[in-house]
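Observations on the model geometry
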Amino acid sequence: MASGVKPRIKVPSSASAGETIIIKTLISHKMESGQRKDKDGKPIPRSIINRFTCEFNGQSVIDITMEPAISTNPYIQFEATVPEAGEFVFKWFDDDGSVYEESKTISVG
Amino acid sequence: MQFTRRDTLALGLGAAALAGMPSAVLASVEDEIADFTGGAEIADGGVTLDAPEIAENGNTVPISVSAPGAVAIRIVATGNPSPKVATINFGPLAASPSAALRIRLAKTQDILAIARMADGSFRRAAATVKVTIGGCGG
Amino acid sequence: MTRTRRRNALWAFAAAACVVATSAGADENARLVVNGEIEMVTRTAAPAHLNGALPDIRSGWTFRTTETQALQIDDFDNPGMIFVDKAMDAWNSVEGSEGKSCSACHGNPMESMKGVRAVYPKWNEAAGEVRTLVMQINDCRVKRMGAKPWKYTGADMAAMEALISVPSRGMAVNVAIDGPAAETWAKGKEIYYTRYGQLELSCANCHEQNYDNMIRADHLSQGQINGFPVYRLKNTKLNTAHARFKGCVRDTRAETFKPGSDEFIALELYVASRGNGLSVEAPSVRN
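Residues numbered from 1 in each chain as written. Chains lettered and ligands numbered in written order. Predicted model: local features only at pLDDT ≥ 70, side-chain atom pairs only at ≥ 80, totals over all residues. Heavy atoms only, no water.

1. Describing the overall build of chain C
In terms of helices and strands, chain C carries twelve helices and twelve strands. Compactness check: chain C gives a C-alpha radius of gyration of 19 Å against a globular reference of 19 Å for 287 residues, within 12% of the reference. Of all 287 residues assigned to chain C, the portion counted as buried reaches 53%. At a minimum sequence separation of 6, the contacts of chain C that also span at least 24 residues come to 69%. Counting only carbon and sulfur atoms, one obtains 52% of the accessible surface of chain C, whose full area is about 12500 Å². Charge centroids of chain C, computed over 34 positive and 32 negative side chains, lie 7 Å from each other. (Helix = DSSP H or I, 4+ residues; strand = E, 2+ residues; numbered from the N terminus. Rg over C-alpha atoms; globule rule 2.2 N^0.38 Å. Buried < 20%, exposed > 50% of the residue type's maximum accessible area, 1.4 Å probe, protein only. Contact = heavy atoms within 4.5 Å. Areas by Shrake-Rupley, 256 points an atom, 1.4 Å probe, with all protein chains shown as cover. Lys, Arg positive; Asp, Glu negative; His and termini not counted. Charge placed at Lys NZ, Arg CZ, Asp CG, Glu CD.)

2. As for the sheet that holds strand β1 (residues 7-10) of chain A
Within a beta sheet, neighbouring strands are joined by backbone hydrogen bonds and run either parallel or antiparallel to one another. Pairing is antiparallel across the open sheet formed by six strands, whose spatial order is β1(A)-β3(A)-β6(A)-β7(B)-β4(B)-β2(B). Bordering the open sheet on either side are β1 of chain A together with β2 (48-50) of chain B, each of which pairs with just one other strand. Pairwise comparison of adjacent strand axes, ignoring direction, gives a mean angle of 15° for this sheet. Of the pairings in the sheet, the one linking β1(A) to strand β3 (residues 19-27) of chain A comprises four bridges and is antiparallel in character. Residue Arg8(A) lies in a different strand from β3(A), and its bridge partner there is Leu26(A). (Pairing = 2+ DSSP bridges. Axes fitted to C-alpha atoms, helices over the stretch in contact; angles between N-to-C directions.)

3. With respect to unusual backbone geometry
Residue Pro229(C) is reached from Phe228(C) by a cis peptide bond, and omega for that bond is 0°. Pro283(C) follows Ala282(C) through a cis peptide bond whose omega is -5°. Residue position: Pro283(C) is located in the loop between α12 (262-274) and β12 (284-286). A positive phi angle, close to 50°, is found at Met31(A), a residue other than glycine. Mapped onto the fold, Met31(A) is located in the loop between β3 and β4 (49-56). Positive phi, normally seen in glycine, also occurs at Asn35(C), with a value near 55°.

4. Structural notes on the packing of helix α9 (residues 182-192) of chain C against α12(C)
Residues and elements named next belong to chain C. Interaxial distance between α9 and α12 falls to 7 Å at its minimum, and their mutual angle equals 90°. Relative to α12, α9 is oriented roughly perpendicular. Contact residues: Thr184, Trp185, Lys187, Gly188, Lys189, Ile191 and Tyr192 in α9; Asp262, Glu263, Ala266, Leu267, Leu269, Tyr270, Val271, Ser273 and Arg274 in α12. Its residues assigned to classes, the contact of α9 with α12 comprises eight nonpolar, three polar and five charged. (Parallel < 35°, antiparallel > 145°, perpendicular 65-115°, else oblique. Nonpolar A, V, L, I, M, F, W, Y, C, P; charged D, E, K, R; others polar.)

5. Details of the sheet that holds β12(C)
Residue and element names in this part refer to chain C. An order of β11-β10-β12 is seen for the three strands of this open sheet, with the pairing classed as mixed. Two strands bound the open sheet, and with one partner strand each, they are β11 (237-239) and β12. The mean angle between the axes of side-by-side strands here comes to 40°, regardless of whether they run parallel or antiparallel. In this sheet, β12 lies alongside strand β10 (residues 230-232) in parallel orientation, the contact comprising three bridges. When the bridges of β12 are listed, Val230 appears paired with Ser284.

6. Some words on the pairing of β3(A)
By the bridge criterion, eight bridges tie β3(A) to strand β6 (residues 75-82) of chain A in an arrangement that is antiparallel. Looking at the pairing, Lys24(A) lines up with Gln77(A) of β6(A).

7. A closer look at the interface of chain B and chain A
With 26 residues of chain B at the contact, the number on the chain A side is 29 residues. Between chain B and chain A lies a buried interface of about 2200 Å² when both sides are counted; carbon and sulfur atoms form 52% of it. When the buried area of chain B at its contact with chain A is split by residue, Leu93(B), Arg102(B) and Arg104(B) rank highest and sum to 36% of it. At the junction of chain B and chain A, the tally comes to zero salt bridges. For the pair chain B and chain A, the interface holds 18 residue pairs in polar contact (both at pLDDT 80 or more). Listed by contribution, the elements that provide at least two residues to the side of chain B that touches chain A are β6 (84-90) and β7 (94-103) of chain B. For the side of chain B that touches chain A, the leading source of residues is β7(B), giving nine residues. A per-class count over the side of chain B that touches chain A returns 14 nonpolar, nine polar and three charged. Across four bridges, β6(A) lies against β7(B) in antiparallel orientation. In the sheet register, Gln77(A) faces β7(B), and the bridge partner there is Ala100(B). (Buried area = accessible area lost by both parts, 1.4 Å probe. Salt bridge = Lys/Arg side-chain N within 4 Å of Asp/Glu carboxyl O. Polar contact = N/O pair within 3.5 Å; in protein donor to acceptor, adjacent residues only side chain to side chain.)

8. Topic: empty space enclosed by the protein
All names here are of chain C. Within the structure shown, the criterion is met by three cavities of 30 Å³ or more. Size it by volume and the largest cavity reaches roughly 130 Å³. Along the walls of the largest cavity sit 15 residues, with Arg117, Tyr120, Ile225, Asn226 and Ala272 positioned nearest its centre. Broken down by secondary-structure element, the contributors of at least two residues to the lining of the largest cavity are α6 (116-119) and α12. Residue contributions to the lining of the largest cavity peak at three residues, all from α12. Across the lining of the largest cavity, the residue classes break down as ten nonpolar, two polar and three charged. Roughly 40 Å³ of volume is contained in the second largest cavity. (1 Å grid on protein atoms, 1.4 Å probe; cavity = no way out; pocket = protein on both sides within 12 Å on 5 of 7 lines; lining within 4 Å. Points joined across faces, edges and corners; volume = space filled by probe spheres on them.)

9. Concerning the environment of Cys102(C)
Among the secondary structure elements, Cys102(C) is positioned in helix α4 (residues 102-106). Once residues within four sequence positions are removed from consideration, Cys102(C) is found in contact with Trp91(C), Gly107(C), Met145(C) and Met160(C).

10. A word on the side chain of Arg131(C)
All names here are of chain C. Take Arg131: it is sitting in strand β7 (residues 129-131). Only 3.0 Å separates the side chain of Arg131 from the side chain of Glu129, close enough to count as a polar contact. For Arg131, the contacting residues outside a window of four places in its chain are Tyr120, Pro121, Lys122, Asn124, Gln136, Asp139 and Lys143.

11. Considering the confidence of the model for chain C
Residues and elements named next belong to chain C. Mean pLDDT over chain C works out to 91, with 90% of the residues at or above the 70 mark. For residues 1-18, every residue scores under 50 in pLDDT, and the model assigns this stretch 14 contacts once sequence neighbours within four places are set aside. Predicted confidence for residues 20-24 stays below pLDDT 50, and this span has eight contacts to residues more than four positions away or in other chains. Note on the complex model: pTM 0.88, ipTM 0.93. (pLDDT = per-residue confidence, 0-100.)

12. Re the interface of chain C and chain B
Each side of the interface is counted separately: chain C has 22 residues, and chain B has 15 residues. Interface area lost by chain C to chain B is led by Glu67(C), Leu233(C) and Lys234(C), which between them contribute 28%. At the surface where chain C touches chain B, the tally comes to one salt bridge. Ionic pairing is found between Glu56(B) and Arg64(C), a salt bridge with its closest N-O pair at 2.7 Å. The interface formed by chain C and chain B contains five residue pairs in polar contact (both at pLDDT 80 or more). For the side of chain C that touches chain B, the secondary structure elements donating two or more residues are α2 (66-70) and α11 (241-251) of chain C. Broken down by class, the residue content of the side of chain C that touches chain B amounts to seven nonpolar, five polar and ten charged.

See the structure below:
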């Protein structure tokens, strides 16, 4: 696992059934592109988050394939429909095989 | 379909930029598009791609895309060493086929957003982003 | 040719080559309200000690493009906040020989650190010196926690400085320049107006005489530090004031002072005082 990876997620704590909400996510990650060279001129190997997914109660909201052209500390904003109370699960997939997972519950009423 | 002045300009510049590109780079841009579309025809319009006209730093360029009726959107940076940026797949609970990201642009270039619609057709939008090189900036 | 004339000629050359008047950038009168609740003063009357050197003082935020400005208006858009979260973990972590964390003495920083950022650098009577926030953090780490000091401009330090700044956001910068701090302040002022490096540039040449102009593709700001530590799009991390000073002085092609040196401590006090009246913004977002 890359060191010090830390997600930040903004999801409202409640919504009405069927409401559209805006979700914002940020995660600390260097997103080493594989294009850079170190002081000795050797290429620095690529090390990025290559996929991000968000599901709500097991159904997909968004699934993004990410390339080295995504900025350091990747930011993703999107809109979700909230059909009922439940849990959003966010996953970031690292090149090194690590998966960083966070969840946020939302109430409806 | 309506074009804003900026859209028209961007599309025109896009064509000019593609025409002026070395063939290797052009090939990889074409490959990246064909990989998504399977070579299908792409109609202009129906996709909104918001990007700054001038990016203060190419390391972090905020962009947003939206395409009503789309199931997936691929973003392509035509002037980067690799044109690949991201492919966004919208699930059943996406309230709208839209997203905002921050991307890296190596230099002034056109970026493309290509949307795959629910009926299998493709649409696109382009935007030119000028990437400034700082005077000093410490 | 006299020394002065040669300098003037050089400066004229530099000015002609690099600095172009422009109206680039966003609406300079845009309002900065963070999270829809923290109202920031980004433009206000210059403090009296400037004696009219600036017509008013402006946050660096006012010099940025609309897109860059937008990154600071919501804490979930602001990448600097990731590091504030990390610093919160560090705040609550026990470190060093005394078995203490920051929170052991200071509790919740959102309460205990309110107003602290706004008055630093500040005279410390017991130590008999002007202390920056960084010095104070390391003093705590070494003396109270028995932990190793952090590197002056390192990531841990920048993050902790940002965390401590957060509860002061929206409060006016108000560093004291009189009394025992006066000597350090005067030294900082002298450095601000002294030309350094092969380009013979002072801080004032760019940030007082040419702010709002373009230096090639850069929109020159007043060089205010009310937003520090700042998340820069350029290097995608939090940057401390001393790291920024170093970058600026290096760009004059000078041997720079070291972060944490007496010179930069004095300069930090003086530059902070030029922003007395602007809001604490850290962590801010700049290009």
